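# Structural characterization, general
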Amino acid sequence: MLPSTVSRRIAIAPAAALAALAWLPPAFGQGRTPDGQPDIQGMYTRNGVVGLEAKPPVNPIDPSGANPLSVSNRGDGLGPYPSIFGRGGTVLRGGQGRGQRRTGIVDPPDRNLPWRPEEDQKRREFLLHMNPPVDLRHVELNARCALPGLFQGEDGNNPYQFLQRPGEVMILYDYNHTSRVIHLDGRPHVGPSIRLFMGDSIGRWEGNTLVVDTTNFNDRTSYSREIPYLSDALHTTERFSLADSNTIDYEVTIDDQKLFTKPWKIAGYFSRVPPGVASMEFACAEGSQTLLDIFGKPPEKGGPDK
Amino acid sequence: MVSLAASAQVPRASGGQPDFSGVWQAVNAASWDIQDHSGELGVPPGLGVVEGGEIPYQPWAAARKRENRLNRKTADPVAANCFLPGVPRATYMPYPFEIVQTPKLIAITYEFAHALRTIPMDASPHPEGLPDTWMGDSRGHWEGDTLVVDVKNFNDQTWFDAAGNFHSDQLHVIERYTLKDADHILYEATIEDPKVFTRTWKMSMPLYRRLEKNIGLLEYECVFYQQEEKYKNAPFHR
Amino acid sequence: MKDQVKDASEVTMLCRITTRGIVVVGLSCFLAAVPVRAHHAFAAEFDVNQPVKVKGTVTKVEWVNPHAWIYVDVKDADGHVTNWRFELGAPNALFRLGWKKDAVAAGTEVEVSGFRAKAQDAVANGRSITLADGRELFSGGSAPNSEGPEKK
């Protein structure tokens, strides 16, 4: 990691770029936190996590425009999903880390997901009613500024930050000012009546791999545009493995028995961003016009204030 | 107001500073009204948290506050829209928050609307030309055992409470966190805004550690719940 | 196993650190480009075959998520003024690309390049703006090459 004397300018400046050139991944075997965890703290981009299955249904919000369903229903050509978070998104590229990295769906290797056939059908049917959305339930969760769960998060321009303290790893997503706590103190999961967008995460270190078990998801976790929902039976196991001091390999086992006959796995990696990049506020709901654009203003109820 | 006794034994971080990490919550009625107020339906009564009692509005701003208060059900950005509450209101919303303290950065996550603040502790200045923010840009440093956080770069959209107390985009807040003992923080927020007030003024209150075993923040997804209610009959047939 | 590339315009080289137009190649820069599956619908709304470049005076910048917008008064040869609206990246992306809050305030003379909206006049997806002093600021938006100068 670079010394803290490196310039703190947020905009990437020539001095920082030169310093970044000197930012070589040192030999593996980096520092530890005071309580003995491998120290992974810092700012990263996340890469390559959400991947396409082998025979995906037509994406209702298809960027290529080839899908007739993706044509806007608004005369001005700008809705109902006006380029939500539509960045090409490479402002914060970090280093790649050495070697080829695994990304997207890695198990099963042929990317044919083990759908329960009736659930696959239901999901394909659901997609047909998302553009334009026939009701609130069919509005993409991202467009509602909902918490992104484990899979969404608008990578590219929005970094992730890892913090550690005794008994806890915290992951901050710039995107929608999201935070996740991974408890390392041996506590049990919360009870089954607590349902969460981000789930409840209990983790442990196995050597240089942080293994995280997450349960208690609500039924509003979205994986991708082609898999718009997972169920509240979702149970994930994540492995954050230090590849070198600038790269964390990442793998998630997705076990959702309501939708799939067996678990499947996706992979990606986190790579450190250049020094001088700090987290920034990403206020989502405060500026969002999406539901207004889609459905118009809800009818007033009641009269003026007294 | 809040008595500042000599600090008892407090937890300390590896560098020797007091360790504020943990889950905390204010226990007062300030988020409804930061001044003395009686109860009304849905509003608990409260002693004010403003030192001296008075908020020193300029005359135009006092009139605006009265107007805000009349319109508060639709004009309060938190009650009407579930928007981010700003600083210091986020501290005294009736929901817990978590402080994660590391040597170079302190993060504060709030259960209400999953609000988030990151506080660099590296003596960096507020960056020039940042976009305006709801929760401000925070920079922290130590003064002895007190954590001092300087917060600037606000927009003018947040209120200090649900009663219409407001500020401009010139708002500058200086927070001071001091551990009275392991389970109590003495919290002070100095408010400076030359566009709105005639002088600086201050709020103060204790913050209480949430002592339950296995405590952690849950989710209060106000915006989502509001959408579910407002748009439950969408599409609307007129 | 690589993901399918859905749209060629989404494939970007990941290994550059770009600073004010100087491309610095990162040390680990020997991987093939990895497709970026961003949530964007650029092609549904804007036409990459209709590039546009206008010169005019900024009337407003809205620094909002998910997209900032810049409004520019453009005078044609007859003196008729049209107010153009360009979609940019998110405010945080803009800041990280060098845009400061009041750098492009109302009254600033700019040249804006981008791609026209398919179904609307005087609306476009902005790629970059050039200021009077020659500096080019990229939009971080969903248009191709919005993060830095075109690769030669």
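For the structure, see preceding data.
Here goes a summary of the coordinates provided.

The subject of this paragraph is the interface of chain A and chain B. Taken together, the contacts link 47 residues of chain A with 47 residues of chain B. Summing both sides of the interface, chain A and chain B together bury roughly 3,900 Å²; the carbon and sulfur share of this comes to 62%. Taken together, the links from chain A to chain B amount to 2 salt bridges. Notably, a salt bridge pairs Glu228(B) with Arg144(A), separated by 2.8 Å at the nearest N-O pair. If you look at where chain A meets chain B, you find 14 residue pairs in polar contact (both at pLDDT 80 or more). Elements that contribute at least two residues to the side of chain A that touches chain B include exactly strand E3 (160-165), strand E4 (168-173), strand E5 (178-183) and helix H3 (290-295) of chain A. Taken together, the residues that form the side of chain A that touches chain B break down as 25 nonpolar, 10 polar and 12 charged.

This next bit is on the pairing of E4(A). All names here are of chain A. Of all 6 residues in E4, 6 are buried, a share of seventy percent or more. By the alternation rule, side chains of E4 split into Glu168, Met170 and Leu172 and Val169, Ile171 and Tyr173, which are all buried. Here 6 bridges tie E3 to E4, and the two strands are oriented antiparallel to one another. From the neighbouring strand, leucine 163 faces E4, where its bridge partner is methionine 170. Hairpin connection of E3 to E4: 2 residues between the antiparallel strands, including glycine 167 at a positive phi of 85°. Pairing of E4 with E5 involves 6 bridges; the strand directions are antiparallel. Paired with methionine 170 across the two strands is valine 181, which belongs to E5. In textbook terms, the turn of a hairpin is the stretch between consecutive antiparallel strands, and for E4 and E5 this stretch comprises 4 residues, one of which, asparagine 176, has a positive phi near 55°.

Cut-offs applied
Residues numbered from 1 in each chain as written. Chains lettered and ligands numbered in written order. Predicted model: local features only at pLDDT ≥ 70, side-chain atom pairs only at ≥ 80, totals over all residues. Heavy atoms only, no water. Contact = heavy atoms within 4.5 Å. Buried area = accessible area lost by both parts, 1.4 Å probe. Salt bridge = Lys/Arg side-chain N within 4 Å of Asp/Glu carboxyl O. Polar contact = N/O pair within 3.5 Å; in protein donor to acceptor, adjacent residues only side chain to side chain. Helix = DSSP H or I, 4+ residues; strand = E, 2+ residues; numbered from the N terminus. Nonpolar A, V, L, I, M, F, W, Y, C, P; charged D, E, K, R; others polar. Buried < 20%, exposed > 50% of the residue type's maximum accessible area, 1.4 Å probe, protein only. Pairing = 2+ DSSP bridges.

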